[in-house]
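Coordinate analysis (summary)
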Amino acid sequence: MTQVLIADDNAIFREVLKRHVASLFGYDVIEAATGLDAVDLAETRHPDLILLDLVMPGLDGIEVIRRIRANPRLADVPIIFLSAETDRSVWAEALSAGANDFMPKPYHRSELAARINLHLKLANLGQELRRPNDLLTRERYLAGCVQRQLLPRDLEFPGLESAAVYQAQEQVGGDFYDAWDDGAAVYVLMADISGHGASAAMLMAACKGYLVSLRQAGLGPVELVASLNAMLCDLLLGGDLDNMFMTMALCRIDRAAPLLTVVSAGHVPVYVLGRSGLTELPSQGPALGILPDCAWTPQTTPFAPGDTLFLYTDGLTELRSPEGEFFGEERVLGKLRPGTAPRDLIGEIIETALPFCKGILHDDLAMVAVRRLAPGDRPA
């Protein structure tokens, strides 16, 4: 049954108001004689509507409103205050504190009925509108769980030490990474779907599924990138999705030789942290899903024991401070020190980046670091 809380220090007025509410609607009524009692009853009984006097002993009505609104479970309960106060600034203060409406004392019974009926209907409508939003929130959460399952659970391969981090701007996103071992080499991939949210996440899932098929076909890095591009062009071009694309860096760590081969399609630079310093491997071709007929040039660089491969998406460099300053590539480069364990490397970047942007992401973000171990070495 609908429950109404009446809070007023005047016992006679409470009784009259109670009879009117009961006779007009048949609602259950609970009563409070002080502001503190009103807050306690609101928190324990969760009424559907509150009729509140502004002038009461202890806590006045305005403070009662503030305390009730501070409770998330009572944030939407309608509050109608009744007062003989003629100072409109007091009314304004009560409304600013969170009251929904006011009625003067003495009130008209028909007006009371209309106000109560209106605010209960509005409250019910709000609940109905929130239900789809709650369902959507749950669906996004579950989609995020599914998407995280698509990322590799284990980045540990014999002879290598790895670490990774992934954070979507929303509950789902378009960045992803992958890694696999075909016996002759370990492949590490970093990709970034344009945009973020549900559309990017669905395209990411499609790319991930197709990538599994390409891996089983045993294609080399250039052939794999070209095949993935053909699939994306068929999917994206000539329709509503022709503004979407994917950047990607695919790295092949040779097991028989100390070499790293990189095929980068419109992606941010790939870095190798070696004994001789920092090597930057920029993109050698356009992003995927834009040009059906295109070739990408592979780049090969030494990758000896102790060297570290670092991959990331532009969500890292495009982090922004509250003042609008970008985190930028220079701050990332300042953390890329040879000899740092992958877990420590990524941890140090996160410890600098998150305070910089106050924890607010403007895009999806992913990082992977892989270090080649010397014979007999163990991961840190």
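Below, the structure is looked at part by part. (Residues numbered from 1 in each chain as written. Predicted model: local features only at pLDDT ≥ 70, side-chain atom pairs only at ≥ 80, totals over all residues. Heavy atoms only, no water.)

With that settled, consider the sheet that holds strand β13 (residues 299–302). Pairing within the open sheet is antiparallel, and its 5 strands lie in the order β7-β8-β9-β10-β13. Of all strands in the sheet, those with a lone pairing partner are β7 (175–181) and β13, marking the two edges. In this sheet, neighbouring strand axes are inclined to one another by 15° on average, regardless of whether the strands run parallel or antiparallel. Relative to strand β8 (residues 185–193), β7 runs antiparallel, the two being bridged by 7 bridges. (Pairing = 2+ DSSP bridges. Helix = DSSP H or I, 4+ residues; strand = E, 2+ residues; numbered from the N terminus. Axes fitted to C-alpha atoms, helices over the stretch in contact; angles between N-to-C directions.)

Attention now goes to the pairing of strand β12 (residues 277–281). The pairing of strand β11 (residues 270–274) with β12 spans 5 bridges and is classified as antiparallel. Note that in β12 the partner of Val-272 across the bridge is Thr-279.

Quick look at the packing of helix α3 (residues 61–69) against helix α4 (residues 88–97) now. Running from amino to carboxyl end, α3 crosses α4 at an angle of 10°, the nearest separation of the two axes being 8 Å. By the criterion of interaxial angle, the relationship of α3 to α4 is roughly parallel. Crossing geometry of α3 relative to α4 is assigned as left-handed. Residues Ile-62, Ile-65, Arg-66 and Arg-69 of α3 form the contact with α4, whose participating residues are Val-90, Glu-93, Ala-94 and Ala-97. For the contact of α3 with α4, the per-class residue count stands at 5 nonpolar, no polar and 3 charged. (Parallel < 35°, antiparallel > 145°, perpendicular 65-115°, else oblique. Left-handed = near helix turned anticlockwise from the far one by under 90°. Contact = heavy atoms within 4.5 Å. Nonpolar A, V, L, I, M, F, W, Y, C, P; charged D, E, K, R; others polar.)

What follows deals with unusual backbone geometry. The omega torsion across Lys-105 and Pro-106 is -5°, close enough to zero to call that bond cis. For Pro-106, the location among the structural elements is in the loop between β5 (101–104) and α5 (109–150). Phi at His-46 takes a positive value of approximately 50°, unusual for a residue other than glycine. Relative to the elements of secondary structure, His-46 occurs in the loop between α2 (35–45) and β3 (49–53). Take His-46: its relative accessible area is 28%, and that puts it in the partly exposed class. (Buried < 20%, exposed > 50% of the residue type's maximum accessible area, 1.4 Å probe, protein only.)

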